[in-house]
Amino acid sequence: MNILVTGGAGYIGSHTCIELVKAGYNIIVADNFVNSCMEAVNRTRKLCGINFPFVEIDFTDYEATDQLFDKYNIDTVMHFAGLKAVGESCKIPVEYYKNNLDSALSLLLAMKKHNVKNFIFSSSATVYGADAPIPYNESTPVSRCASSPYGNTKLMIEYILKDAVKAIPGFNAVLLRYFNPVGAHESGEIGEDPTGIPNNLMPYVAKVAVGKLDMIHIFGNDYDTPDGTCLRDYIHVVDLAKGHVAAINKIKEDCGLFVCNLGTGKGTSVLEMVKAFSKSCGKELPYEFAARRTGDLPAFWADPSYAKEQLGWVAKKGIQEMCDDVWHWQSKNPNGYSN
Ligand code: NAD
Ligand code: UFG
């Protein structure tokens, strides 16, 4: 099977390329580097042990997308490409809608023209409503409106894919709802490399550990949780990548629409993450409590039982391994890919 990996130079896409090649799939990797760089592709090629084709392309450009499908014989699209910063999406919502929706639509139109019928989509736990009971399972209703424009792009693309499955005979759409991906490849060669000051917890903590930032700010310690800080379902990016390989078997079964959480089923607090990371890097990391961050939910995690039942997939790596691998990557590459 030939798989087009859009956004394959990015954090989750690059780790997934490695697992896809390991599993024997042919990959065509494509990205416009809006949030990544060629060095990530070079390193991923090395880790894969093959010089897979790479195409620099902006998927909002329909003509270019169509030409890519002319050039390569593609069976399945694994769609990681997208803008993903929640805070930024509130500041420039229109750009987020344009990038994320236009990319998905270009791909779907080109797929239709070239009779490609398999789509695996990077969705998010953010599609579940703020009032959804915990743990989230796949029959938990999605929110009518997500808490950010970014989240709304995920909801809207989910709706588009659901309609495509209804209308296009033989069309398969797998919607994978990720929880909180962290960690890095065990080699320390690839990992998460956000530009500027990280918004997410793990990359921020890693930058404090490597001396690039002074202090961790923990947003809120008065939540109704065991230690007062928020709980999230952190999942190792390599486990997440393997979840994508497992999802291909659903495509092979001609699943039509298939929706699945990819999480561990365990909530971990911000304080527990900071302590685990301190252990990984061998020093107590400085932190202070700060005001709650607008829009944060106190706690959520996945019910992962459907993924186990349907995909035979279970996340295996624990919190300490996630932190160890982030530290390995960050300490080996204090400036990320721009060493
Ligand atoms: P990332 O930013 O590292 O990777 C996304 C890649 O897409 C980047 O390399 C970027 O350059 C590329 N891209 C963006 N717009 C593009 C366009 N128009 N054309 C071509 N390439 C484009 O992000 P990630 O963490 O690897 O996330 C991958 C996917 O998973 C995204 O769709 C994201 O929304 C989703 N997701 C991520 C998380 C998370 O916490 N990391 C959680 C849930 C869902
Ligand atoms: N946090 C801090 N300090 C920081 C950064 C984060 O205390 O400097 C806290 C947050 O308040 C939250 C927890 O750490 O309680 C996790 O925050 P992240 O920003 O790392 O992750 P979120 O759960 O807010 O959101 C992430 C992605 C979303 C995705 C969601 C899915 O950013 O895109 O996971 O579960 F939708």
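Criteria and cut-off values
- Residues numbered from 1 in each chain as written.
- Chains lettered and ligands numbered in written order.
- Predicted model: local features only at pLDDT ≥ 70, side-chain atom pairs only at ≥ 80, totals over all residues.
- Heavy atoms only, no water.
- Axes fitted to C-alpha atoms, helices over the stretch in contact; angles between N-to-C directions.
- Helix = DSSP H or I, 4+ residues; strand = E, 2+ residues; numbered from the N terminus.
- Parallel < 35°, antiparallel > 145°, perpendicular 65-115°, else oblique.
- Left-handed = near helix turned anticlockwise from the far one by under 90°.
- Contact = heavy atoms within 4.5 Å.
- Nonpolar A, V, L, I, M, F, W, Y, C, P; charged D, E, K, R; others polar.
- Phe/Tyr/Trp six-rings, centres within 6.5 Å; stacked < 30°, edge-to-face > 60°.
- Buried < 20%, exposed > 50% of the residue type's maximum accessible area, 1.4 Å probe, protein only.
- Lys NZ or Arg CZ within 6 Å of the ring centre and 35° of its normal.

1. A closer look at the packing of helix 5 (residues 93-113) against helix 6 (residues 149-167)
Between helix 5 and helix 6, the least distance of the axes is 9 Å, while the angle of their chain directions is 20°. In terms of orientation, helix 5 and helix 6 fall into the roughly parallel class. Considering the relative orientation of helix 5 and helix 6, their crossing is right-handed. Between helix 5, through Pro93, Tyr96, Tyr97, Asn100, Leu101, Ala104, Leu105 and Leu108, and helix 6, the contact on the second element is made entirely by Pro149, Tyr150, Asn152, Thr153, Met156, Ile157, Ile160 and Leu161. Here the residues of the contact of helix 5 with helix 6 sort into 13 nonpolar, 3 polar and no charged.

2. Focus on the packing of aromatic side chains
Between two aromatic rings, the relevant description is the distance of the centres plus the angle of the planes. Scanning the model with the defined rule gives 9 aromatic pairs in all. Centre to centre, the rings of Phe33 and Phe54 are 5.2 Å apart; their planes meet at 20°, and the pair counts as stacked. Taken as a pair, Phe33 in the loop between strand 2 (26-31) and helix 2 (38-48) and Phe54 in strand 3 (residues 54-56) lie far apart in primary sequence, 21 residues in all. The same class applies to Phe33 as to Phe54, namely buried. Between the aromatic rings of Tyr128 and Tyr136, the centroid separation amounts to 4.8 Å while the plane-to-plane angle is 45°, which identifies the pairing as tilted. Taken as a pair, Tyr128 and Tyr136 share a single burial class, namely buried. Joined through ring pairs, the aromatic side chains of Tyr128, Tyr136, Phe179 and Phe300 make up one cluster. The ring of Tyr159 carries Lys162 above its face, with NZ or CZ at 5.4 Å from the centroid. Over the ring of Tyr223 we find Arg292, and its NZ or CZ is 3.9 Å from the ring centre.

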